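If you want the building blocks of each chain, they are given just below.
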Amino acid sequence: MCGIVGYIGPRNCVPIILEGLRRLEYRGYDSAGIALVKDGVFRVEKKAGKVADLVNHLNQFNGSLSAQLGMGHTRWATHGEPNDVNAHPHCDGEARIAIIHNGIIENYASIKTKLTREGHTFKSATDTEVLAHLIGEMYKRTNDICSAVRLALAEVQGTYGLVVIALNEPDKIIAARRGSPLIIGVGDGENFVASDAAAIVDHTRHVIYLEDGEVAEITASGLRTMTIDDEQIEKEIEEVTFELSQIERGGYDHFMLKEIHEQPDTIMNAMRGRLQVEEGNVVLGGLRDVHDKLMNARRIIITACGTSWHAGLVGEYLFEEVARIPTEVEYASEFRYRNPVITKDDVVFLISQSGETADTLAAGREAKAKGATVLGIVNVVGSSIARESSGGVYVHAGPEIGVASTKAFTSQLTVLSLITLMLARSRNTIDKTHAQVLAREMYAIPEKVKYVLENTTDQIKEIAEEFKRVQNFLYLGRGANFPVALEGALKLKEISYIHAEGYPAAEMKHGPIALIDENMPVVFVVPKDGIYEKVMSNLQEVKARRGRIIAIANEDDTEIDKLADFVVRVPRTYGYFGPIVNIIPLQLLSYYMAVARETNVDQPRNLAKSVTVE
Ligand code: F6R
């Protein structure tokens, strides 16, 4: 989604902003722009395309661009196609102020009609330009940019992470947040504003997280924070926890490949200090205060989107079958609008890598309003979902830059497994000996993942070469490996643009089997578990129709070679933890397919890393 970087201080802001925009590229965008204030003149430059296109455009000025106050933006189009005019920043009619904006102004049409009646004309098709004109109107009345922003926002419905600068007040930046993340980076004699710490962590690790409804007036040497109604607020300065090296590619061709290979470590990080292997115990500090609620939960609801929703589906198997708690999994986008029956005895888990997904955040608010205990399973520390939840567990996967989620997924599964073990012990649904076995199984997972990475990559590259020209793929699995099939299919769609469907293997005969012929590759996730024989029958059905089979199977499986065209071997893993290992070859397959098809792996078309709009 859109990205924001702003700077005020003694240094030339242009390279700071452009580097910040580059660090936000992973979020997904289709145009970029900057606005600078220098010697009483506004300079606004913007370009459709990549930050590199903006930089090329700026190169014509031969490095003469320099300013101590400026801001930059990467736009992911919502209102109006991606082109130079619709790119941000936008100015008011008299070009006295400039704004950049993440989010959506829902009532922009009625504001635009009113302003048009008053004589305003608009250059772009964006909601943001309408907001710029509205702030401009307020500025005429107040001559104070901070008050103008507050007054304008009082009339606005929708979401925003907003940054505003004014020609006549070149000593300040105004920032405001509602529903779209914004942080202030606190430097020494200089300050920053950004939608994501990655944009400014080169310069400062000290940040202030703005909350919804808050406005900040930022100067080079200080800042003032307030509500939209101008009540002053004191904010705490917090420390960014990740290292710069974590947001760099570190020798890999793509962030996605780096993140796939980080998984032995990230899975271990999710368990570190939490899993007590010898005792078969799990300690989760973030759930301590809600332990009784969890113990007595009438039902658990897991709600999330995309890959995180797939993790939730595995969570359902874990919570129900090991901890014996009735569990439902819902798409957050559906949950928020269907008036679900929720009581104070329900516990709702929100799963989110970014912690900013608009639908998941809204689903959590809905559940909270209805009295449920809302908990987060989140990667990004300090994100909105983490802050609004009554408790939860960070997955500690570190920054995930590749748009296609990989390491966050396996860390989410690891955390769901930890919660399951904790609940199962507390509720006595498994005894201590069983818990010790499970704990040892969990502890062995990182080594198994490492083994898969080291031993299947070459084979998967060959499979990708073989299938790189096909148009469709089917992914099948059963039990907890059904979500693995869904996730494998999603990964392939996202980055290689091949149509792929995931199904429970036994559902194939109810429709998708019509698609099977010699041109249809079918990926089966078929570990040697309790339903192995059943899935093998489904393989037979595909084979009988000359479908081409790629099987993700266990090393000791001697039957599978008779049916499958390609067998990728993975170590045996306890059933409900199996998805953490079994997904790895499917992540690699989607990655190498995308490489073979020469698509943009880390920034696939139309996708955004963090979906902060509905
Ligand atoms: C898939 C992917 C998306 C996200 C979804 C939810 O690779 O990245 O499907 O999983 O947008 O995002 P989070 O987990 O940030 O809430």
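Since the model is a prediction, treat every value here as computed from it, not as a measurement.

Q: Would you explain the overall build of the chain in this entry?
A: Counting its regular elements, the chain contains 17 helices and 27 strands. Taken over C-alpha atoms, the radius of gyration comes to 26 Å for the chain, in line with the 25 Å a tight globule of 614 residues would show. Dimensions of the chain along its principal axes, counting C-alpha atoms only, are 75 × 55 × 45 Å. Across the 614 residues of the chain, 61% fall into the buried class.

Q: Please explain the pattern of salt bridges as it appears in this structure.
A: A side chain with one charge can pair with a side chain of the opposite charge if their charged atoms come near. For the coordinates displayed, the defined rule picks out 38 salt bridges. The shortest N-O distance in the salt bridge between R548 and E466 comes to 2.8 Å. Here the residue R548 occupies a position in strand 26 (residues 548-554), and E466 occupies one in helix 14 (residues 432-467), the gap between them amounting to 82 residues. Counted as one network, the salt bridges with shared partners bring together E19, R22, R23, D202 and E248.

Q: Would you explain the side chain of H101 in this entry?
A: Position of H101 among the secondary structure elements: in strand 6 (residues 97-102). Among the polar contacts listed, one links the side chain of H101 to the side chain of T128, at a separation of 2.8 Å. A polar contact of 3.2 Å, which involves the side chain of H101, links it to the backbone oxygen of T159. Sequence-distant contacts of H101, that is, excluding residues within four places in its chain, are made with C2, H73, H88, D127, T128, T159, Y160, G161 and L162.

Q: Any chance you could explain the domain arrangement of the chain here in plain terms?
A: The extent of an interface is frequently quoted as the accessible surface area lost upon association of the parts. Under the domain assignment used here, the chain contains domain 1 (3-245), domain 2 (253-430) and domain 3 (455-600). The C-alpha centroid of domain 2 is placed 33 Å from the C-alpha centroid of domain 1. Taken together, the contact pairs 10 residues of domain 1 with 12 residues of domain 2. Carbon and sulfur atoms supply 47% of the area that domain 1 and domain 2 bury against each other, a total of about 910 Å² over both sides. There are 3 salt bridges connecting domain 1 and domain 2. In this assembly, domain 1 and domain 2 are joined by 3 residue pairs in polar contact (both at pLDDT 80 or more).

Q: How should I be thinking about the sheet that holds strand 10 (residues 191-194) in this particular structure?
A: By way of backbone hydrogen bonds, the strands of a sheet pair with one another, either parallel or antiparallel. Taken together, 8 strands build an open sheet; the order of strands is 3-2-4-1-10-9-11-15 and the sheet is antiparallel. In the strand order of this sheet, the two ends are held by strand 3 (41-48) and strand 15 (238-239), each with one partner. When strand 11 (residues 206-209) meets strand 15, the two strands line up antiparallel, connected through 2 bridges. Within the sheet, the bridge partner assigned to V207 lies in strand 15 and is E238. Across the sheet, helix 1 (residues 13-23) touches strand 1 (3-8), strand 2 (31-38), strand 4 (69-75) and strand 10, and the angle it forms with strand 4 is around 20°.

Q: Mind showing me how you'd approach the site of the ligand here?
A: Around the ligand, the surrounding shell holds 14 residues, and the nearest of these are S308, S352, Q353, S354 and T357. With respect to the ligand, the side chain of S352 contributes an N or O atom lying 2.6 Å from an oxygen atom. Taking Q353, its main chain carries an N or O atom lying 2.7 Å from an oxygen atom of the ligand. Contact with the protein chains removes 91% of the 410 Å² of surface that the ligand exposes when unbound. Listed by contribution, the elements that provide at least two residues to the shell around the ligand are helix 9 (306-321) and helix 15 (481-496). Across the shell around the ligand, the residue classes break down as 4 nonpolar, 8 polar and 2 charged. When residues of the shell around the ligand are sorted by domain, at least three fall in each of domain 2 (253-430) and domain 3 (455-600).

Q: Please clarify how the packing of aromatic side chains should be interpreted in this entry.
A: Each aromatic ring pair is specified by the distance between its two centres and by the angle formed by the two planes. Taken as a whole, this structure holds 9 aromatic pairs when the rule is applied. Between Y574 and Y576, the ring centres sit 5.9 Å apart and the planes meet at 70°, which makes this aromatic pair edge-to-face. Residue classification places Y574 among the partly exposed positions, given a relative accessible area of 23%. By way of ring pairs, the aromatic residues F467, F473, Y475 and F566 are connected into one cluster. Between the NZ or CZ atom of R43 and the centre of the ring of F61, over which it lies, the distance is 4.4 Å.

Q: What am I meant to see in the packing of helix 13 (residues 407-426) against helix 14 here?
A: In helix packing, the relevant descriptors are the interaxial angle and the interaxial distance, both defined with respect to the helix axes. In contact at an axis separation of 10 Å, helix 13 and helix 14 are set at 170° when each is read in the N-to-C sense. In terms of their interaxial angle, helix 13 and helix 14 are classed as roughly antiparallel. Contact residues: T414, S417, L418, L421 and R425 in helix 13; K432, A435, L438, A439 and M442 in helix 14. When grouped by side-chain class, the residues that make up the contact of helix 13 with helix 14 number 6 nonpolar, 2 polar and 2 charged.

Q: Can you help me understand the nonpolar core in this one?
A: Proteins that are soluble and globular tend to have nonpolar side chains buried together. Counting residues in hydrophobic clusters, the biggest one holds 93 residues, and the most contacted among them are F349, I419, F473 and Y475. Top contributing element to this core by residue count: helix 14, with 12 residues. In terms of domain composition, this core takes at least three residues from each of domain 2 (253-430) and domain 3 (455-600). Once residues within four sequence positions are removed from consideration, F349 is found in contact with L294, I300, I301, I302, T303, F319, L375, I377 and I419. Core analysis: the second largest hydrophobic core is formed by 36 residues, I16, I17, A32 and A194 among them.

Q: Honestly, the environment of S180 in this entry has me stumped. Any pointers?
A: Residue placement: S180 occurs in the loop between strand 8 (173-178) and strand 9 (183-186). The sequence separation of S180 and A564 amounts to 384 residues, and the corresponding C-alpha distance is 47 Å. Each residue touching S180, except ones within four places of it in the same chain, is listed here: N102, G103, Y160, G161 and T612.

Criteria and cut-off values
- Residues numbered from 1 in each chain as written.
- Predicted model: local features only at pLDDT ≥ 70, side-chain atom pairs only at ≥ 80, totals over all residues.
- Heavy atoms only, no water.
- Helix = DSSP H or I, 4+ residues; strand = E, 2+ residues; numbered from the N terminus.
- Rg over C-alpha atoms; globule rule 2.2 N^0.38 Å.
- Buried < 20%, exposed > 50% of the residue type's maximum accessible area, 1.4 Å probe, protein only.
- Salt bridge = Lys/Arg side-chain N within 4 Å of Asp/Glu carboxyl O.
- Polar contact = N/O pair within 3.5 Å; in protein donor to acceptor, adjacent residues only side chain to side chain.
- Contact = heavy atoms within 4.5 Å.
- Domains from an automatic or database assignment.
- Buried area = accessible area lost by both parts, 1.4 Å probe.
- Pairing = 2+ DSSP bridges.
- Axes fitted to C-alpha atoms, helices over the stretch in contact; angles between N-to-C directions.
- Near = heavy atom within 4 Å.
- Areas by Shrake-Rupley, 256 points an atom, 1.4 Å probe, with all protein chains shown as cover.
- Nonpolar A, V, L, I, M, F, W, Y, C, P; charged D, E, K, R; others polar.
- Phe/Tyr/Trp six-rings, centres within 6.5 Å; stacked < 30°, edge-to-face > 60°.
- Lys NZ or Arg CZ within 6 Å of the ring centre and 35° of its normal.
- Parallel < 35°, antiparallel > 145°, perpendicular 65-115°, else oblique.
- Core = buried A, V, L, I, M, F, W, Y, C linked by side-chain atoms within 4.5 Å.

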